[in-house]
Amino acid sequence: MPTSMPDIAHSADALQTGTLDWVGMGDIELPLQLASKDLNEIPVNAKADAFVSLDKPDAKGIHMSRLFLALDTLSCEQTLTPITLAAVLDQFVTTHKDLSNAAKVVLNFELPLRRASLLSGKQGWKSYPVTITATIKEQALSIELAVDVTYSSTCPCSAALARQLIQNAFEEKFSGQPLDHESVHAWLGTTEGILATPHSQRSIANIKVQLPTDVKEFDIKGLIDIAEQELKTPVQAAVKREDEQEFARLNGQNLMFCEDAARKLKALLDKQDYKDFYVKINHYESLHAHDAVAFAVKGVEQGYKA
Ligand SMILES: Nc1nc2c(ncn2[C@@H]2O[C@H](COP(=O)(O)OP(=O)(O)OP(=O)(O)O)[C@@H](O)[C@H]2O)c(=O)[nH]1
C-alpha cells in the first residue's frame, strides 16, 4: 500500500463533535451458510446491516472496512451460528478500540423450507422471511430472531352470517314438506344450498423472539413449525384437490379474528424459553380495504413494547 495515502478517519477533525448510537453500513450483500436445528446446512443470500457505536466525540469516523471484512470472513470461512455471530460482534468492537463499545449486526434473508402437502403426500418449497439481529452492548450479547408466518384466516362473524343465510334458504326450500334425505343431500351440494361463504384473508404473523442468553444453535424451523401448528391454516406449497378440500375444512374449523390469532401465539410463546417475544398479527381483510391488526408481547420489564 502506498505510504502517503491520506487516512481521514485518523487525521481529520470531526465537523461537529459528539457521540453516535450506531454508525456503519446497510444492505451489504452477504451469502451465508446457515446452520439451524433440524436443517442441513443451507446457503442463504443475506443482506446485512453492520454497526458500531461511536463513543469518542472527537473521532472523525469509524472504520467501515473492518466491519465489512469481518462479515466477509463469516461469509467465506464460517457457518452462521449464534457463536460465529457473537464472534463477529466481538471483532467489530475489538477493531474499534477507543471508538466503540457496542456493535450490532442485522441479517435479512429468505429461508426456503420443504413443506409437505396436507393429504396428498406431495412436497414443495415455501420461503420464510427471516431477520436475525445480534447486539453486544457493555459486553452483554442479545440475539433476536424474527420470522413472518403467512396463513389463512376465515372470519367467524362472516361464517355465522353465512350459516344463517343457509338456514334461511333451507327453511324456504323445505318448510312444510316431509324431508327427503336424497333431495336435501343433493340441495346441499348446490350453490343454491350453500348460498353464502364466509370471507377469508391471507394473513401474516410477524414474530420476534429474544433467544436465551446461552443459545448455541438457531432453531428457525422450530419456531416456524410451532407457530404454523398453532394457527393451523398456514399457506400451502404443493396443493392437489384433496389438499385443497382439507384446507377448506381446516379453515372452517379454525375460524379466527386477529384477536384469536394473537392470543393463540401469545399463549404458545409464553410456554417457550424465549427471554422475550413480540407478535404482530396482520389480517389483510377482504371485507374491508383496511387491515385487522393485533399486537402481543411477553411483558418483560425493559423488553418489547406493543
Ligand atoms: N467512516 C466513514 N467511512 C466512509 C464513509 N463513506 C465512505 N467511507 C469510506 O470507507 C473506507 C474504509 O474506511 P476504513 O475502514 O477506515 O479504511 P482503511 O483506513 O483503509 O482501513 P484501516 O487501515 O483498517 O483503518 C474509507 O475509504 C472511507 O472513506 C462514511 O460515511 N464514514
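Preceding block: the structure.
Anyway, here's the lowdown on the structure attached to this text. Residue positions are given per chain, counting from 1 as you read along its sequence in written order. With pLDDT at 70 or above as the cut-off, local features in this predicted model cover only qualifying residues; side-chain atom pairs require 80 or more to be listed or tallied, and sums for whole chains, interfaces and linings still use all residues. To get the side-chain values, all heavy atoms of the structure are used, and hydrogens and water are removed first.

Topic: the overall build of the protein
Here's step 1: Secondary structure counts use DSSP, requiring at least four H or I residues in a row for a helix and at least two E residues in a row for a strand, with both numbered from the N terminus. Counting secondary structure elements, the protein contains eight helices and eight strands.
Here's step 2: The globule rule used here is 2.2 Å times the number of residues to the 0.38 power, and the radius of gyration it is set against is calculated over C-alpha atoms. Taken over C-alpha atoms, the radius of gyration comes to 26 Å for the protein, far larger than the 19 Å a tight globule of 306 residues would show.
Here's step 3: Each principal axis of the C-alpha atoms in the protein carries an extent, and together these give about 100 × 40 × 35 Å.
Here's step 4: The rule is simple: take the accessible area with a 1.4 Å probe, protein chains only, and divide by the maximum for that residue type; under 20% is buried, over 50% is exposed, in between is partly exposed. Expressed as a percentage of its 306 residues, the buried residues of the protein come to 43%.
Here's step 5: Two residues qualify as a contact provided that any one of their heavy atoms is within 4.5 Å of a heavy atom in the partner residue. At a minimum sequence separation of 6, the contacts of the protein that also span at least 24 residues come to 69%.
Here's step 6: A 1.4 Å probe and the Shrake-Rupley method give the accessible areas. Residues count as covered only by the protein chains that appear here. Roughly 17200 Å² of accessible area belongs to the protein as shown, and the carbon and sulfur atoms make up 51% of that amount.
Here's step 7: Positive: Lys, Arg. Negative: Asp, Glu. His and the chain ends are not part of the count. A charged residue contributes its charge at one atom only: NZ of Lys, CZ of Arg, CG of Asp or CD of Glu. Within the protein, the 41 negative side-chain charges are centred at a point lying 2 Å from the centre of the 30 positive side-chain charges.

Observations regarding the site of the ligand
Here's step 1: Nearness is defined per residue: one heavy atom within 4 Å of the molecule or strand is enough. Close to the ligand lie Asp7, Ile62, His63, Met64, Ser65 and Arg66.
Here's step 2: Polar contacts, as counted here, are pairs of nitrogen or oxygen atoms within 3.5 Å of one another; within protein the pair requires one atom able to donate a hydrogen and one able to accept it, and residues that are adjacent in sequence qualify only if both atoms are side-chain atoms. Here an oxygen atom of the ligand sits 2.8 Å away from a polar atom, N or O, in the side chain of His63.
Here's step 3: Within the side chain of Ser65, one N or O atom sits 2.5 Å away from an oxygen atom of the ligand.
Here's step 4: In isolation the ligand exposes 650 Å². Once the protein is present, 42% of that is buried.

Here we look at empty space enclosed by the protein
Here's step 1: For each structure, a 1 Å grid was placed over the protein atoms alone; sets of points admitting a 1.4 Å probe that cannot get out are labelled cavities, open sets with protein on both sides within 12 Å along at least five of seven lines are labelled pockets, and lining residues have an atom within 4 Å of a point. Grid points are joined across faces, edges and corners, and a volume is the space filled by probe spheres set on the points. If you walk through the whole model with that rule in mind, you get one cavity of 30 Å³ or more.
Here's step 2: By volume, the largest cavity is sized at about 40 Å³.
Here's step 3: In this structure, the largest cavity is lined by Leu141, Ser142, Ile143, Leu211, Pro212, Thr213, Val215 and Lys275.
Here's step 4: When residues are grouped by polarity, Ala, Val, Leu, Ile, Met, Phe, Trp, Tyr, Cys and Pro land in nonpolar, Asp, Glu, Lys and Arg in charged, and all others, Gly among them, in polar. Its residues assigned to classes, the lining of the largest cavity shows five nonpolar, two polar and one charged.

Some points on the side chain of Gln210
Here's step 1: Relative to the assigned elements, Gln210 resides in strand S6 (residues 200-210).
Here's step 2: Aside from chain neighbours lying at most four places away, what touches Gln210 is Ser142, Ile143, Glu144, Tyr274, Lys275, Asp276 and Tyr304.

Focus on the packing of helix H4 (residues 156-174) against helix H5 (residues 181-188)
Here's step 1: Running from N to C, H4 and H5 point in directions that differ by 140 degrees, and their axes come no closer than 12 Å. In this view, H4 runs oblique relative to H5, as classed from their interaxial angle. Here H4 runs over H5; the crossing is right-handed. Residues Ile166, Ala169, Phe170, Lys173 and Phe174 of H4 lie in contact with H5, whose contacting residues are Ser183, Val184 and Trp187.
Here's step 2: Tallied by class, residues from the contact of H4 with H5 come to six nonpolar, one polar and one charged. Axis angles are defined between N-to-C directions and span 0 to 180 degrees, where every axis is a line fitted to C-alpha atoms and, for a helix, only to the segment in contact. Note that the term roughly parallel is reserved for angles under 35 degrees, roughly antiparallel for angles over 145, roughly perpendicular for angles of 65 to 115, and oblique for everything else. Helix crossings get a hand from a simple test, with the near helix turned counterclockwise from the far one by less than a right angle marking a left-handed crossing and a clockwise turn marking a right-handed one.

Looking at the packing of aromatic side chains
Here's step 1: Only centres within 6.5 Å qualify two rings of Phe, Tyr or Trp (six-membered ring in Trp) as a pair; their planes then separate them into stacked at under 30 degrees, edge-to-face at over 60, and tilted for everything else. The final tally for this structure, using the stated rule, is five aromatic pairs.
Here's step 2: Judged by centre distance (5.9 Å) and plane angle (55 degrees), the rings of Tyr278 and Tyr304 are tilted. One end of the pair, Tyr278, is in strand S7 (residues 276-283); the other, Tyr304, is in the segment after strand S8 (292-297), and 26 residues separate them in sequence. Across the pair, Tyr304 and Tyr278 agree in class, each one buried.
Here's step 3: A connected cluster of aromatic rings, assembled from ring pairs, spans Phe170, Phe174 and Trp187.
Here's step 4: Think of it as a cone above the ring: NZ of Lys or CZ of Arg counts as a charge over the ring if it is within 6 Å of the ring centre and within 35 degrees of the ring normal. One cation-aromatic arrangement involves Arg114 over Trp125; the distance from NZ or CZ to the ring centre is 4.8 Å.

Some words on the state of the cysteines
Here's step 1: We call a pair of cysteine sulfur atoms a disulfide when they lie within 2.5 Å. For the coordinates displayed, the defined rule picks out zero disulfides.
Here's step 2: Looking at Cys258, it has no disulfide partner, and the nearest cysteine sulfur is the one in Cys155, 10 Å off.
Here's step 3: Under the relative-accessibility criterion, Cys258 is labelled buried at 8%.

What to know about helix H3 (residues 82-94)
Here's step 1: When the terminal C-alpha atoms of H3 are compared, their 18 Å separation across 13 residues agrees well with the 18 Å that a helix rising 1.5 Å per residue should span.
Here's step 2: When H3 is considered as a whole, its buried residues turn out to be Pro82, Thr84, Leu85, Val88, Leu89 and Phe92. Here, expected helix span is obtained from the residue count minus one, scaled by 1.5 Å.

Details of the nonpolar core
Here is a general trend for soluble globular proteins: nonpolar side chains tend to be buried in one another's company.
Here's step 1: Counting 66 residues, the largest nonpolar core has Phe92, Phe109 and Ile220 as the members making the most contacts within it.
Here's step 2: Among the elements that take part in this core, strand S2 (residues 42-54) stands out by supplying seven residues, more than any other. Residues grouped as a nonpolar core are buried Ala, Val, Leu, Ile, Met, Phe, Trp, Tyr and Cys residues, joined through side-chain atoms within 4.5 Å.

Thoughts on the layout of surface pockets
To locate leftover empty space, one rolls a probe as large as a water molecule over the atoms.
Here's step 1: For the largest pocket, the calculated volume is near 360 Å³.
Here's step 2: The wall of the largest pocket is formed by 14 residues, among which Ile194, Ala196, Thr197, Pro198 and Gly252 lie closest to the centre.
Here's step 3: Among the elements of the structure, H4 and helix H7 (241-253) are those that each provide at least two residues to the lining of the largest pocket.
Here's step 4: Among the elements that make up the lining of the largest pocket, the one with the highest residue count is H4 (four residues).

Focus: the side chain of Ser203
Here's step 1: Here Ser203 is to be found in strand S6.
Here's step 2: Polar contacts involving the side chain of Ser203 include one to the side chain of Ser153, which spans 2.8 Å.
Here's step 3: If near-sequence neighbours (up to four positions away) are discounted, Ser203 is found in contact with Val149, Thr150, Tyr151, Ser153, Asn282, His283 and Tyr284.

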